[in-house]
Amino acid sequence: MPVDAPVLTARKAGLVACTQCAGVWNVGQAKCPRCGAALESRDIHSLSRVWAWWFVGLLCYIPANLFPMLNTTFMMKTSGDTIVGGAVTLISHGAIPVALVILIASVAIPASKFVAVAYLALSVQFRWKTDHLKRMQLYEFVEFIGRWSMIDVFVVAVLSALVQLSVVVSIAPGPAAVTFAMSVVFTMLSARSFDSRLIWDSLDPQPDEDSLT
C-alpha cells in the first residue's frame, strides 16, 4: 500500500470500539450491548486527565525518595532508610539480588513509567511521526508493568508484620511508604486515562482537531 494512501479507520466506517470489551458497534450507540460500558469514538478529555494524574504522581514520587521508606527501631534507637538507602544497606549485607529487585521495581520502573506516559501524551498532542505500532506496544507494556511497582510497599508491609521482636527490634513503615503508594496509583490512573486510539489518528492526513483537545 502506498505511504500516502488513505487509511480506512473504524470512525470513518461509522463504527466505534468499546474500550472495555473490544466489541465494535455502529456509531450512535450510547452503551456497549455486550458489557454496558459507555461508547465514544474518542475521549476528548483523555490528555487532560493523563497530565493531571501524571503531575500529581510526580509530586508524590519526589518525597517518596527523600523520606524514609522503613523505620527500624533497635534497642530503643530508631533509624530510617530511603528506598535507595535501604537498597545500599542490603547490598552491603550481601543481599544483592533483593537490592536489585527493589531498585528496579521502586526506582527504575516508576521513573520509566513517567517518561513513557509523558512521551505517549506528547507524541499524540504534537502529532509526532513516530512508529504507531511501537507506541502502541509501549502503552501496553506500561499497562502491564505498572502492577509490579508496588513491590517495595509489599516488602515494607511484610517486614512490618514479621519483624516484631518485642523491644529489641521493630520495623514500621516510614512516611515515604504512603507517598510512594500514592505515586504508583496516580501513575496507573494516568496510564489508564490515556486513550490509545489517539495514537492512530495521526495516520489521517486531515485529523480531527477535537480528538486532541
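The structure reproduced in this document is the subject of the present report. (Residues numbered from 1 in each chain as written. Predicted model: local features only at pLDDT ≥ 70, side-chain atom pairs only at ≥ 80, totals over all residues. Heavy atoms only, no water.)

1. Side note on the overall build of the chain
Logical step 1: Within the chain, the secondary structure is distributed over 6 helices and 6 strands.
Logical step 2: Secondary structure of the chain in N-to-C order comes out as β-β-α-β-β-α-α-α-α-β-β-α.
Logical step 3: Buried positions account for 36% of the 213 residues belonging to the chain.
Logical step 4: Within the chain, contacts between residues separated by at least 24 positions form 64% of all contacts whose residues are at least 6 apart in sequence.
Logical step 5: By element, 70% of the accessible surface of the chain is carried by carbon and sulfur atoms, the whole surface being about 12,400 Å². (Helix = DSSP H or I, 4+ residues; strand = E, 2+ residues; numbered from the N terminus. Buried < 20%, exposed > 50% of the residue type's maximum accessible area, 1.4 Å probe, protein only. Contact = heavy atoms within 4.5 Å. Areas by Shrake-Rupley, 256 points an atom, 1.4 Å probe, with all protein chains shown as cover.)

2. Details of the packing of aromatic side chains
Logical step 1: Overall, the coordinates contain 9 aromatic pairs when judged by the stated rule.
Logical step 2: Arranged with centres 5.6 Å apart and planes meeting at 80°, the rings of W51 and W54 form a pair that is edge-to-face. Residue W51 and its partner W54 are both found in helix α1 (residues 46-66); the two are separated by 3 residues, about one turn of the helix. Exposure class is identical for W51 and W54. Each is buried.
Logical step 3: Ring geometry for W51 against F55: centres 6.0 Å apart, planes inclined by 35°, an arrangement best described as tilted. Taken together, the residues span about one helical turn, with W51 and F55 both in helix α1 at a distance of 4 residues.
Logical step 4: The exposure class assigned to W51 is buried, which follows from its relative accessible area of 18%.
Logical step 5: Taken together, the ring pairs in this structure connect W51, W54, F55, Y61, F114 and F180 into an aromatic cluster. (Phe/Tyr/Trp six-rings, centres within 6.5 Å; stacked < 30°, edge-to-face > 60°.)

3. Some details on the side chain of S190
Logical step 1: Mapped onto the secondary structure, S190 falls in helix α6 (residues 175-193).
Logical step 2: Classification of S190 by relative accessible area gives buried; the value is 1%.
Logical step 3: Non-local contacts of S190, meaning those with residues more than four positions away in its chain, are made with V50, W53, W54 and V117.

4. Some thoughts on the nonpolar core
Logical step 1: F180 and F194 are the most contacted members of the largest nonpolar core, which totals 27 residues.
Logical step 2: Taken together, the elements giving at least two residues each to this core come down to α1, α3 (96-125), α4 (132-145) and α6.
Logical step 3: It is α3 that contributes the most residues to this core, 8 residues altogether.
Logical step 4: Of all hydrophobic cores here, the second largest spans 5 residues; its members include C18, C32, A37 and L39. (Core = buried A, V, L, I, M, F, W, Y, C linked by side-chain atoms within 4.5 Å.)

5. Comments concerning the pattern of salt bridges
Side chains that differ in sign of charge can pair as their charged atoms come close.
Logical step 1: Going through the model one piece at a time under the given rule, you end up with 2 salt bridges.
Logical step 2: Its salt-bridge partner being E143, residue R192 comes within 3.2 Å of it at the nearest N-O pair. Note that R192 is positioned in helix α6 and E143 in helix α4, a separation of 49 residues in sequence. (Salt bridge = Lys/Arg side-chain N within 4 Å of Asp/Glu carboxyl O.)

6. Side note on the side chain of S123
Logical step 1: Looking at where S123 falls in the secondary structure, it is placed in helix α3.
Logical step 2: Judged by its relative accessible area of 1%, S123 falls in the buried class.
Logical step 3: Non-local contacts of S123, meaning those with residues more than four positions away in its chain, are made with W128 and R135.

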